[in-house]
Amino acid sequence: MPQTTPVPPVRAATRRRHWGRDLTEVAALFAAMATADLIADLVNHGPDGGLLLMTSAGALLAAAGTHLWWTRRSARAAAVAVPEPAADTAQDAEPALWRMRTTVRDTPGSLGAVCTALAGSRVDIVTLQTHPLAEGTVDEFLLRAPAALPAAALVLTVADAGGTDTWLERADAHDLVDTPTRMLTLATRTALDAAELPLALRQLFGRCTIRSTPAPAVGPDAAPEQDALLDTVMRLRDPSGGTITVERDHLPFTPTEFARARALVELDARLGVRMPESRHVVTLPEGNELTVRRAGPEDRAAALAMHERCSPDTLALRYHGPVEDADRYLGHLLSPRFGQSLAVETASGRLVALGHLLWDGEENEVALLVEDGWQRRGIGAVLLRKLVELACEAGRGSVYAVTRATNTGMVATMRELSLPLDYQVEDGTLVITATLPASQPSGASLPWAAEHH
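Every chain is numbered independently, its residues counted from 1 as its sequence is written. For a predicted model such as this one, the threshold for reporting local features is a pLDDT of at least 70, and the threshold for listing and counting side-chain atom pairs is 80 or more; totals across whole chains, interfaces and linings nevertheless cover every residue. The side-chain values count all of the structure's non-hydrogen atoms but skip hydrogen atoms and water molecules.

1. Some words on the sheet that holds strand E4 (residues 164–170)
Sheet strands line up and pair through hydrogen bonds in the backbone, either parallel or antiparallel.
Logical step 1: In space, the four strands of this open sheet follow the order E2-E3-E1-E4, with antiparallel pairing throughout. Because the sheet does not close on itself, it has two edges, and the strands there are strand E2 (124–132) and E4. Neighbour to neighbour, the strand axes of the sheet diverge by 15° on average, direction disregarded.
Logical step 2: Being paired, for any two strands, means DSSP has found at least two bridges between them. Secondary structure elements follow DSSP: runs of H or I no shorter than four residues count as helices, runs of E no shorter than two count as strands, and numbering proceeds from the N terminus. Inspection of the sheet shows strand E1 (residues 96–104) paired to E4 by five bridges, in the antiparallel sense. Across the sheet, the residue bridging to Thr103 is Thr164, located in E4.
Logical step 3: Across the sheet, helix H5 (residues 110–120) lies against E1, E2 and strand E3 (137–145), angled at about 15° from E3, the strand it touches most. For helices, the axis comes from a line fit to the C-alpha atoms of the stretch in contact; other axes are also lines fit to C-alpha atoms, and the angle between any two N-to-C directions lies between 0 and 180 degrees. Any pair of residues with heavy atoms lying within 4.5 Å of one another is described as a contacting pair.

Structure below.
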């Protein structure tokens, strides 16, 4: 969103013309001339000229003393009201990192004027990207600015140098990675796991909403939807069918960003369906060994067979609706576009449990289904912990579970996470939200990280 900032009060004060003070000084000059003329007449014609001169001199000295006292008092008051920039204090404080975008004219020297203005405010340009437009150029900066420099002053400095539609937000250490390195890292993650594409797009563009929409049920001859860039929204054709929509508030996408997103989607399309070979063997308290692995569309048949072995109550508790609808949800749940799924299987390869981490815009839902014969053996707790680890690795801030208010088993499993929980109940439906650690790339600081299963 273009940020408009009023002129800081100190700077605005320097622009005022003190016409009242000028008129007062002129009036005082004329009054002094008239008084001098009057005194001269009294000295020449009055009986006590010497006494009058001494009295006038004393009055002038008193006036001068009063003027000197008032001047010093005003100076001290001004120093308190408008302090000078504390250069030494600002240097001791930690510099602030800012991400800034501004639009400049596509003429020689326009970008240089902005850079010169930033340098004049002791702002260091860490990285700079240019996004050419039909008219003008959008320049994206990562800035290291003095801690004492407010955001309003930074925006005003750029505006005075010719920048328009300026957008500014705080950055952190993760933004110090240059764009080519970031793109290569995201491309690598996308190449290794099809489920990483929505996450890669979100990390590429920062705060935005990613939504995957399945392909509509139309005839085979229907033309697929085309990629489109619409200001703050971009739509991309999903290689697995449907549409991926990327949206953010206020800040329009540039053609350069659109091209980067299309490049990631094209890479995903060329590599096809893929999933990392990650398997974890866990031992239940009773001694049985089970394998926890990533699940995908190829597990749909085994999942349907597990549904057949589950009771209607178990299916209704998991899918929150008619049992007949449980089977049709599997295509959505096992698609890597909508999240990440985990399967639990026995030594013989029989699927006995499924866990899902679903991307729900800015939110993240976790859901569990354990076959009746394997319930209350700790499988749900193992699955939930693995799902939370995946959410932490993806940089998510929280996860939530939706269940019935009477489902004490799910409540107990969420409490075993030893994470801050929030409970909301409405019409018999319970939503439990767990707040995840702020920075968790590897699961090392999770409460159960030191445990072995």
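2. Description of empty space enclosed by the protein
Logical step 1: For each structure, a 1 Å grid was placed over the protein atoms alone; sets of points admitting a 1.4 Å probe that cannot get out are labelled cavities, open sets with protein on both sides within 12 Å along at least five of seven lines are labelled pockets, and lining residues have an atom within 4 Å of a point. Grid points are joined across faces, edges and corners, and a volume is the space filled by probe spheres set on the points. Inspection of every chain in the model, using the stated rule, returns one cavity of 30 Å³ or more.
Logical step 2: Within this model, the largest cavity holds a volume of roughly 90 Å³.
Logical step 3: Across the lining of the largest cavity, the residue classes tally to two nonpolar, two polar and seven charged. Note on residue categories: nonpolar means Ala, Val, Leu, Ile, Met, Phe, Trp, Tyr, Cys or Pro, charged means Asp, Glu, Lys or Arg, and polar means any other residue, Gly included.

3. Focus: the pattern of salt bridges
Where charged atoms from two side chains of opposite charge approach closely, those side chains can pair.
Logical step 1: For this document, the term salt bridge refers to a Lys or Arg side-chain nitrogen within 4 Å of an Asp or Glu carboxyl oxygen. For the structure on display, the rule yields 18 salt bridges.
Logical step 2: Measuring nitrogen to oxygen at the nearest pair gives 2.6 Å for the salt bridge that ties Arg99 to Glu169. Taken together, the residues Arg99 in strand E1 and Glu169 in strand E4 connect sequence positions 70 residues apart. The same class applies to Arg99 as to Glu169, namely buried.
Logical step 3: Here Glu257 ties to Arg248 by a salt bridge, and the two come within 2.9 Å at their closest N and O atoms. In this pair, the class of Glu257 matches that of Arg248, namely buried. Only protein chains enter the accessibility calculation, which uses a 1.4 Å probe; a residue is then buried when its area is under 20% of its type maximum, exposed when over 50%, and partly exposed in between.

4. Thoughts on the nonpolar core
Logical step 1: To qualify as a nonpolar core, a set must consist of buried Ala, Val, Leu, Ile, Met, Phe, Trp, Tyr and Cys residues joined through side-chain atoms within 4.5 Å. Judged by nonpolar contacts, the single largest core of 36 residues is most densely connected at Val344, Leu357, Ile379, Leu383, Val399 and Met414.
Logical step 2: Listing elements by their share of this core, those giving two or more residues are strand E10 (289–295), strand E11 (339–345), strand E12 (351–360), strand E13 (363–370), helix H13 (379–393), strand E14 (398–404), helix H14 (408–415) and strand E16 (429–435).
Logical step 3: Sort the elements by how many residues they give to this core and H13 lands first, with nine residues.
Logical step 4: Residues in contact with Leu357, not counting those within four places in the same chain, are Phe338, Gly339, Gln340, Asn364, Glu365, Val366, Leu387, Leu390, Ala391 and Val399.
Logical step 5: Counting residues in hydrophobic clusters, the runner-up holds 18 residues, among them Leu201, Ile244, Phe258 and Ala261.

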